[in-house]
Amino acid sequence: MKTRALVSLAALLGLAGCASTPKPPVDPNAPPPAVPASSALEQAPPPAQPPPPARPEAVPAVPLKRPKPMELVVLARPDTPIVSFRLVFHTGSVDDPKGKEGLTDLTATLMAQGGTQKLTSAQLLEALYPMAAELGSYTDKEFTAFSGRVHKDFLPRFLELFTDVLLNPRLDAAELERLRANAISDVENGLRSANDEALGKVALDALLYQGHPYAHYVGGTVQGLKAITLDDVKAHARRVFTQDRLVIGLAGPVDDALKGAVTSRLAALPAQGAPRVELPPVPTTAGRAVIVQKSTLSTAISMGYVTPVRRGDPDFFPLALAFSHLGEHRQFLGVLFNELREQRGLNYGNYAYAEHFIEDPGSTYNRTNIARTQQDHTVWIRPVVPTNGAFATRGAVYFLDRLVKEGIPQERFELMRGYLQGYTRLWEQTDQRRLGYAIDGMFHGTPSFLEQYRQALTKMTPQSLHEALRRHVHPDALNFAFVTQDAEGLAQALRSGQPTPISYASPKTPELLKQDEAISSFKLPVRADAIQVVPVQTVMEK
Amino acid sequence: MRRLLPLLLLLLGAALPAAAQSGPTASFPYTLATEKLPNGLTVVRVPYPSQGIIAYVTLVRVGSRNEVEPGRTGFAHFFEHMMFKGTKNNPEGTRERIMGTFGYDDNAFTADDVTVYYSYGPAAGLPQLIEIEADRFRNLEYAEPTFQTEALAVLGEYHKNAAAPFLKMEEELNATAFTRHTYRHTTMGFYEDIKAMPQAYEYSRTFFERWYTPDNTMLFIVGDFDDAQVMKLVREHYGPWNRKATPVAVPAEPPQAGPRTAHIDWPQPTQPRQVLAWRTPAASTTTPDAALQTVLVDYLTGPTSPAYKSLVLDKQLVESIGSDYTEHRDPHLFTLTATLKDERHRDPVRLALLKEVSNLAAGRVDAARVKAIQDNARYGTLMSLETPRDLGIRLAWYAGILGTPDGLQRHLQNLSKVTPGQLQDFTKKYLTANRLILLSLTPKTASTGGTK
């Protein structure tokens, strides 16, 4: 096959979507939307059932729901002295203007950490410290959450400080320089240098969403961050942290007086923000691979594709169970964890996600308020020794493919159903998380989401789950991101499609060795003409 | 002088009556019901309003500190992995199915002094959980190939951690500070020893028999459950467990006679780092040393410290400052760490931090800040114990370090009693030049030729 000219590096890993003039991505070098031929997985046995429906050529951007301006969510609990605030704005890195990637996150960080008009950043820290009060922000692609917690002993003072952060932020030039330097270091030193797993995930985002506002790292690009001025920050705060984009969450010992105080104070925010970014459809490209070249001991692997299924779709819950069966985040029960780590000792763990996953620090659970209009199915292989990189990748796709072809046996289905009935209750054990779910539910149109999940589990069957899998899960549509030292060697291995056998230092069962034969020659859905190698220094440079 | 484990176990026994209850206070609103079984197992139950969710936390007082044999470093951590491999009654995979049926979050971690196992999920699964936990602590079994395969997962964990500078920094600091004590190696262990782990199957059986014993273990059950039923099941399933811990001698570290330095050239782009570390006393129920060091961390580098205001906010010489101090059973290190923005800032930052220490030693102690730190600790503790899991793990940690099930409350009480005078005395005595270890890290990449 003739080798296609590779997509430019900047287009792949650095291009930001335009915040105000949404258009479908135009890249003359990009491969056309592709639904790979069934021959892409030619070793697979012929399907016993009719072939699944073809994938759409693009995943459309069906807008999320819009709650009323400053809609209030209250989860009152008299049995705790801790009051929780969660102010969620419908703005994120999709609102970063082209050339100023990172603006939304940097603006939110400067507001939360940079002091208020009355208090310098040092004075703000001093005021919060004896209360042990928490005040922070987190920005994702489409949402920014300001969260706060305080003991009720200090409620009036904290309320004033917390709302001042939003209403009267200091937006000081020296603080901007400090936080900008940290943000640049986060890309140059944190992302590129110290965390191969995160780097792989960011590279996969850039690959899946090339030309789309999701493509760039939420924390920004180096050149984008350098281009941001204080005036940009001031203007952006007024454009996006507005009443019409805000949901107010309160939990703990909340009474009418507190509700009134919070809403009346926040009514001083600008009433209306900039028009919401209209996201373009995402072409359902498949079989592309980006290999990030860096000096590192092991190989990190991420893979995935964009899907139209998100919360609120009747098929979301069966898919959530199916991906949990494959590998709930950092849990021991998953197929991938057991097959690749426990049976074969390939690495430290392997996980799969039915919707975009970002770990909530201190837990193994997904963050709340990172909802996305366009979702993805992804698989994460924790670093493996380089010689096993291709085998581990094949293993993950092999087990995903088998899941789609064979479904889940009744006994295993019952186990996963029981597991999720209990495990989902752990996702709602703190007030901040309960607020997060309640607020996400407003944007997805899924009130009582976790209760709905548990209800849906009672009605699901292995058959209904298998049908949903066949409709929506596409191993042949996967795209890949790798972080490794010998990038050219890996690219060659992927292009050649030659078997990549594995050897073990300890005895294995004949059944496992037989399965290894199938895995080591399993045809990966990677197109030889769509593999590119990029040096790590260029990732999220601009 | 050699430090002997039996002495510590004796202290643990003396501190703990057969059954005890410690009531709530305003700053720690939980009641601990404690019972010691005849075989030496300590069982602590803590009611917590969690609507049918419980945390089940097992503390074993073993960590990398106990790895006294050459070539066996990292073994406590590796062995923690093996504890998930099954028994004759519950072969590998059974645990995952039983825990999976109920939806438990199930994991463990190992540190220098302790290994902590926790399961977090519905109280409805407690009978099965108690049975399967007692079974693995009494009757663990696994085949050699399973052992060898898991060693590769541990190697993968080391490789994952090695991408960032922190592991290398800890390795270098420990190797510089300790010449004899087992704190010389990190919890992960020496890389060569990790690679050799597949050959240590027989030793792993010895390790289990030596340390996984009821008199070396404490159980913390936190949440919403029927106490009488739980204790009945605990006695039934853990009662027949009858091994005794085998002591080993952990070598004592000789006194440090002068300052030491260590340096790392890091082959990837990163921020330069500067660590100041001093050899300081162990955590103990009979001294305020752990509480003093906890206060000192915030006093010297916390968000309201003069160093933070000057170095982070005003001059912006560093990205962050802090400390890696954690409580230890034996004398360990008190550290100050600075992540520099530029190599040129190294000397001014080091001198600024040393100046803060000198001020303390000279008695220039800001009493209002000490009070603010104590307020922060009191409210921060309340806010950080938001789930049964948070509480169970925190209780287990302090119990493991201090050797008594109410270690956390004792530590909190000690924190509230710290005085400015004590801080001065401690600083004068321990944060001295003779006890200082300086560690620097500089990025030296082939492509850039230096700091980026």
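You'll find the structure just up there.
Every chain is numbered independently, its residues counted from 1 as its sequence is written. Lettering of chains starts at A and numbering of ligands starts at 1, both following the order in which they are written. Local features in this predicted model are restricted to residues of pLDDT 70 or higher, and side-chain atom pairs are both shown and tallied only at a pLDDT of 80 or more, whereas totals for entire chains, interfaces and linings draw on every residue. By convention in this description, side-chain values take in all heavy atoms of the structure and omit both hydrogens and water.

Trainee: Outline the overall build of chain A, supporting the account with residue identities and numerical values.
Mentor: For the purposes of this entry, the term helix denotes a DSSP run of H or I that reaches at least four residues, the term strand denotes a run of E that reaches at least two, and both are numbered from the N terminus. Looking only at helices and strands, chain A has 18 helices and 13 strands in total. For the radius of gyration, the atom set is restricted to C-alpha positions; the globular benchmark scales as 2.2 Å times the number of residues to the power 0.38. For 542 residues, the compact-globule formula gives about 24 Å, and the C-alpha radius of gyration of chain A, at 24 Å, lands near that figure. Overall size of chain A, expressed as C-alpha extent along the three principal axes, is 70 × 50 × 45 Å. Using a 1.4 Å probe on the protein chains alone, a residue whose accessible area is under 20% of its type maximum counts as buried, one over 50% counts as exposed, and one in between counts as partly exposed. Out of the 542 residues in chain A, the part that is buried amounts to 62%. Any two residues whose heavy atoms approach within 4.5 Å at even a single point are treated as in contact. Across chain A, the fraction of contacts at a sequence separation of at least 24, relative to all contacts at a separation of at least 6, is 87%. Accessible surface area values rest on a Shrake-Rupley calculation with a 1.4 Å probe, where residue burial reflects the displayed protein chains alone. Accessible surface, chain A as shown: approximately 19,400 Å² in total, 55% of it carbon and sulfur. A gap of 2 Å separates the mean positions of the 57 positive and 56 negative side-chain charges of chain A. His is not counted, nor are the chain ends; Lys and Arg add positive charge and Asp and Glu add negative charge. For the purpose of locating charges, the reference atoms are NZ of Lys, CZ of Arg, CG of Asp and CD of Glu.

Trainee: Explain the environment of Ala-399 of chain B residue by residue, including any values.
Mentor: All names here are of chain B. Tracing the backbone shows Ala-399 in helix 14 (residues 388-402). Classification of Ala-399 by relative accessible area gives buried; the value is 0%. C-alpha of Ala-399 to C-alpha of Ala-26: the two residues are 373 residues apart in sequence and 21 Å apart in space. With residues up to four places along the chain from it excluded, the contact list for Ala-399 reads Leu-59, Arg-61, Met-218, Phe-220, Thr-404 and Pro-405.

Trainee: How would you summarise the interface of chain B and chain A if you had to cite specific residues and measurements?
Mentor: Interface extent is often summarised as the accessible area lost during association of the parts. Chain B puts 61 residues into the contact, and the matching count from chain A is 64 residues. Overall, the association of chain B and chain A removes approximately 5,200 Å² of surface from exposure, summing both partners, and the carbon and sulfur fraction of that is 55%. Its largest share of buried area at the contact with chain A, chain B owes to Tyr-379, Met-383 and Glu-386 of chain B, together 13% of the area lost on that side. Salt bridges are counted wherever a side-chain nitrogen of Lys or Arg sits within 4 Å of a carboxyl oxygen of Asp or Glu. In this assembly, chain B and chain A are joined by three salt bridges. Lys-85 of chain B serves as the salt-bridge partner of Glu-342 of chain A, at 2.7 Å between the closest nitrogen and oxygen. Of all the secondary-structure elements, those providing two or more residues to the side of chain B that touches chain A are helix 3 (94-102), strand 6 (105-110), strand 7 (115-122), helix 5 (144-162), helix 11 (306-314) and helix 13 (367-384) of chain B. The element that contributes the greatest number of residues to the side of chain B that touches chain A is helix 5 of chain B, accounting for eleven residues. Residue polarity follows a fixed list, in which Ala, Val, Leu, Ile, Met, Phe, Trp, Tyr, Cys and Pro are nonpolar, Asp, Glu, Lys and Arg are charged, and the others, Gly among them, are polar. Residue classes in the side of chain B that touches chain A are distributed as 22 nonpolar, 22 polar and 17 charged. Note on definitions: buried area is the accessible-area loss of two parts on being combined, 1.4 Å probe, summed for both.

Trainee: Quick rundown of the side chain of Asp-112 of chain B? Include the residues and the values.
Mentor: Residue and element names in this part refer to chain B. Along the chain, Asp-112 turns up in the loop between strand 6 and strand 7. Here Asp-112 occupies a buried position and makes no salt bridge, while the nearest side chain of opposite charge, Arg-65, is found at 9.4 Å. There is a polar contact of 2.9 Å between the side chain of Asp-112 and the side chain of Thr-187. Once residues within four sequence positions are removed from consideration, Asp-112 is found in contact with Gly-63, Ser-64, Arg-65, Tyr-183, Thr-187, His-328 and His-332. Polar contacts, as counted here, are pairs of nitrogen or oxygen atoms within 3.5 Å of one another; within protein the pair requires one atom able to donate a hydrogen and one able to accept it, and residues that are adjacent in sequence qualify only if both atoms are side-chain atoms.

Trainee: Describe in detail the sheet that holds strand 13 (residues 332-340) of chain B, supporting the description with residues and values.
Mentor: All names here are of chain B. Pairing between strands is defined by DSSP: at least two bridges between them are needed. Strand order in the open sheet formed by five strands is 10-14-11-13-12, with mixed pairing between adjacent strands. Bordering the open sheet on either side are strand 10 (260-266) and strand 12 (318-322), each of which pairs with just one other strand. The mean angle between the axes of side-by-side strands here comes to 15°, regardless of whether they run parallel or antiparallel. Here strand 11 (residues 273-280) runs beside strand 13; their pairing, made up of eight bridges, is antiparallel. Note that in strand 13 the partner of Arg-279 across the bridge is Leu-333. Interaxial angle, 0 to 180 degrees, is taken between N-to-C directions of lines fitted to C-alpha atoms, where a helix line uses only the stretch in contact. Against the sheet, helix 6 (residues 165-177) makes contact with strand 10, strand 11, strand 13 and strand 14 (436-443), and its axis sits at roughly 155° relative to strand 10, the strand it touches most.

Trainee: Quick rundown of the environment of Thr-299 of chain A? Include the residues and the values.
Mentor: Residue and element names in this part refer to chain A. Inspection of the secondary structure assignment puts Thr-299 in strand 9 (residues 299-307). Between the C-alpha atoms of Thr-299 and Glu-57, which are 242 residues apart in sequence, the distance is 31 Å. Those residues within four positions of Thr-299 in sequence are excluded, and the remaining contacts are Arg-382, Pro-383, Val-384, Pro-386, Val-483 and Thr-484. Engagement of the side chain of Thr-299 in a polar contact is seen with the side chain of Thr-484, the distance being 2.8 Å.

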